[in-house]
Amino acid sequence: MDYRATLNLPQTSFSMKANLTQREPVYLKRWEKEDLYAQLEEQAAGKPLYVLHDGPPYANGHIHLGTAFNKILKDVILRSRRMAGFNAPYIPGWDCHGLPIEHNVDLELGEKKKTIPKLSKRGACRKYAEKWIKTQKAEFKRLGVLGDWDKPYLTMDYAYEATIAREFNRFLLSGSVIRNKKPVYWCATCTTALAEAEVEYHDHRSPSVYVKFPVVDDFSEISPALAAGDVSVVIWTTTPWTLPANLAVAFHPDFVYAAVKVEDETWILAQDRVVPFMAEVGIDRYEIAGTFSARGLENRRCRHPFLDRDSLLVLADYVTTEAGTGCVHTAPGHGADDYQTGLRYGLDIFSPVDNEGVYTSEAGPYAGQQIPAVNKVINQDMRNLGVLIHQSDINHSYPHCWRCKKPVMYRATPQWFISMEINDLRAKSLDNIKKVVWTPAWGMQRIYAMIEGRPDWCLSRQRSWGVPITIISCSDCGEIIKSEKLVQRIDELFRQEGADAWFRHGVETFLEPGTTCGKCGSASFTKEEDILDVWFDSGVSHAAVCEQREELRSPADLYLEGSDQHRGWFHSALLTSVGTRGRAPYHGVLTHGYVVDGQGRKMSKSVGNVVAPGEVIEKFGAEILRLWVASEDYRDDVKVSDEILRQVADAYRKIRNTIRYMLGNLYDFDPASDRVPRSDLPELDRWALGRYDELVGRIVGAYERFEFHSVYQALNLFCGTTMSAFYLDIIKDRLYASGADSQPRRAAQTVLYEILDGMLRLMSPILCFTAAEAWESLYALSDSAPLTRSVFFAEFPSAGDGGEESGLDERWARLIRLRSEITKALEIARRDKIIGHPLEAEVQLQVGGELAAFIEQERQALKEISIVSALQVVDGTLEGAFVSDEIEGLSIRVIQAPGSKCERCWTRSKTVGELRAHPEICGRCADVVAQMDAGQEG
RNA sequence: AGUCCCGUAGCUCAGUUGGUUAGAGCGCUACACUGAUAAUGUAGAGGUCCGCGGUUCAACUCCGCGCGGGACUACCA
């Protein structure tokens, strides 16, 4: 007879195969249609607020794996905060202005870009940004990221643009905004100044030239060796085009300089550089006529090598002897160090180059020539004049524009700055950095050093797509109008029309009729045309979003971005908040590393190791991508490769199958009526609940510390080892063979139910699709069941209220150690063909002392967890037994268990055949079957 | 070039204030089961803890010097 029908075999509609690629969109559709996010928010009203403020991705191009990683991480945090009892709103945002978008729009416009009106171009940029926001929004949603996608914040929203202007005006009215002629990175191709963040360094080939600057004064008192006629200072430069702007030559105050005789000339250079210099220029006949300190040279003069003016000799401690001559060509309008030196010596910040990189009339004979092509002309002219000692080429790292990839120049132009010193912005910022919790901790050190050393914030961008620098100044004397009225007027118009208002209306629209300059009385005014650095836009999101959205607040609890944002958003947000509010916009900052390939190399198109999120979703599903995010310790760079993703998918399958098995055994369990009180549960079951309590504690703690990889590891271990390989395997007999409503089976189901219910809650922040699906299955929810019954409205289980049972854990740890030895013995017996399935076995243990008593006492438990048909302690030595390495004095012999195999429960038992009506089954099964028979009759 | 971070099994991660034979999960190999079945169970093989020196009775752990990867800063006239 086939007893299969008399068993309680698992039943579930929760399929083994996840089919994530097909199933996920179905869930997403429902969540969107019924607005899961809004329902969650509604439910969370009144709970403590947790604000994770979204750093806006740039609205350009498809999302990449790094962006996906960041968004998933945020989603996991928010979901876990919600389940921990918080109200955790999520308002995603986009950064919409700026050069990259304008650059791409320019490419689309082609020749038209030169003639198109500014407002039309701004309109085109807006449309371009809108297009990508739409695309990215869909891509983010597909990841399962939950948020207010219908009302995100955009830095190009009119209200947001108004806030940007308002925040800028706060700086302006406070006196922190200054205008300076200062060297900045300048791209002549894009015709704009660039922030430090907008330059990247690549190798570049430059000319390397040594040039003589003849001295004009009498230097004989410094050194007799300098008395003779033809004396020159020798400088080195790799940018000959800056020579027309040369105003000085710098020496190190502490270096020893040498007067070197070469034929009938005398050259001045650092003593340490003489040998390498002579070697490089190929001169072997020379003589050091004397040495001296450069201090005596200060404020003396030499002659510009080819222009009709002098060049001042100055001292500067950044001069090195690593390269060059120790005499540094100094052009205050074309270098950062040079600029500082120029200020110290009262030199003009001279920069005779226009926006397109063409010399102005101030460059004398070179006016109208293009930089850097002019290098060749200058070098040739110097050769003709006999001032060029040597020319070669040098390959070195040189700053390039991040958009057009062309070499940039350092050029002084009038720019608007936020001063780091006025109103103590630097000091206050440094102070506030210390009040923020930086994770990992080195983030503090990094941003501290940056703020400490950064120059004033150059705000000006000579572009179209952005928010204007809302400054109106007197056309005659340059005085800036600073008035609350003007600020309000700007705010009003920007709210109505966006920042376009600035370019649409004449200056008079912003001013009250009859306004005159407070300084000179003029009635003629000029609007600033430059726009603000985009970092200012996203930087003020604390004011535009956190302070204004009802569901948020400022400071936010957390900013979470990649580690590059220390110099980006974390930085600009800090300055804009400290400058206007005197405090940081965040309580905590969490950073993650970059997504790199399996070998730890950066992803790049040229290497061809870029992994697109779309590909992963198509192949594995978003759920696997989410699980991958959780599996990686993001404090360092996070690796991704096909192997890694396959591994994550394997782990997923294990988790899914464990859930499926648990569900399958709960098909007839109603917690309301079938639950067995904890005190009535067998020890094994109480032990399992103890392990589960441990898991709850571990996972809830890991979420709190944002250590999601620990959640992943703990979940794997629990599903794979604690549940699947141990507990579930052992209780199989009870679940299948005991009476459906018997206490042993109901006890096991009670445990399964509690653990599964909790496990689904615990995993739902990461595995949102699977947790939702399994939860529906567990609670038999139909498609029409309200979303509020979904797992997302549940909270995390609380850990360990079961209370410690004295000695239970220790005893069971000991039993598990013994079991592990028994399975080894079983494995040997299987190999020797004594048994196949463990239930065919009888285990005989030989051991002395206290352990023997322990085993005797726990014989039933040990038999049960070893899943064998019989187990006993025997005396005397065991022939051919397995001798344990792990447990001293333990020998184990495995023989075929006595009796016959019960056709129902597969245990070998001497009781098989005792019941005449069912000769093939054991006593226990006979009872169960008899009861079933009786039940059917009654 | 400087500063910082990282380097433990094929992969993802643990590894307490230095203290027995360095762990887990996955993967891999073999076997078993066929009532979790495109599953499940069991066992096994995998490590120069990046390398070299040093401190110490004792170093994966502390120190120094390298190598590899990454980030940041500076680019140097």
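Residues numbered from 1 in each chain as written. Chains lettered and ligands numbered in written order. Predicted model: local features only at pLDDT ≥ 70, side-chain atom pairs only at ≥ 80, totals over all residues. Heavy atoms only, no water.

**Quick word on helix 17 (residues 569–581)**
Working step 1: Given a rise of 1.5 Å per residue, 13 residues ought to cover 18 Å, and the 17 Å separating the end C-alpha atoms of helix 17 matches this to within 8%.
Working step 2: Counting buried positions along helix 17 gives 11 out of 13 residues, so the element sits mostly inside the fold.
Working step 3: For helix 17, the set of buried residues is W569, F570, H571, S572, A573, L574, L575, T576, S577, V578 and T580.
Working step 4: At the exit of helix 17 stands G582, carrying a positive phi of roughly 75°. (Helix = DSSP H or I, 4+ residues; strand = E, 2+ residues; numbered from the N terminus. Expected span 1.5 Å × (residues − 1). Buried < 20%, exposed > 50% of the residue type's maximum accessible area, 1.4 Å probe, protein only.)

**A short note on the nonpolar core**
Working step 1: Membership of the largest hydrophobic core comes to 231 residues, with the highest contact counts inside it found for F494, F536, Y586, W628, I659, Y727 and M759.
Working step 2: With 16 residues, helix 23 (residues 708–737) is the largest single contributor of residues to this core.
Working step 3: Other than its neighbours up to four places away in sequence, M759 contacts I659, M662, Y692, L695, L715, F718 and C719.
Working step 4: By size, the runner-up hydrophobic cluster in this structure holds 66 residues, among which are L243, Y257, I268 and F306. (Core = buried A, V, L, I, M, F, W, Y, C linked by side-chain atoms within 4.5 Å. Contact = heavy atoms within 4.5 Å.)

**Section: the packing of aromatic side chains**
Working step 1: Tallying each qualifying case throughout the model produces 28 aromatic pairs.
Working step 2: With a centroid separation of 6.5 Å and 80° between ring planes, the pair formed by Y90 and W149 is classed as edge-to-face. One end of the pair, Y90, is in the loop between helix 3 (65–83) and strand 2 (93–94); the other, W149, is in the loop between helix 5 (118–142) and strand 3 (153–154), with 59 residues separating them in the sequence. The pair Y90 / W149 is uniform in exposure class, with both members buried. (Phe/Tyr/Trp six-rings, centres within 6.5 Å; stacked < 30°, edge-to-face > 60°.)

**Focus: the sheet that holds strand 29 (residues 882–883)**
Working step 1: Strand order in the open sheet formed by four strands is 28-27-30-29, with mixed pairing between adjacent strands. Where the open sheet ends on each side, the last strands, each with one partner, are strand 28 (870–873) and strand 29.
Working step 2: Across four bridges, the pairing between strand 27 (residues 841–846) and strand 28 is parallel. Bridge pairing in strand 28 places Q844 opposite Q872.
Working step 3: Packed on one face of the sheet, helix 28 (residues 859–866) meets strand 27 and strand 28 and runs near 140° to strand 28. (Pairing = 2+ DSSP bridges. Axes fitted to C-alpha atoms, helices over the stretch in contact; angles between N-to-C directions.)

Any functional reading would require information that these geometric values do not contain.
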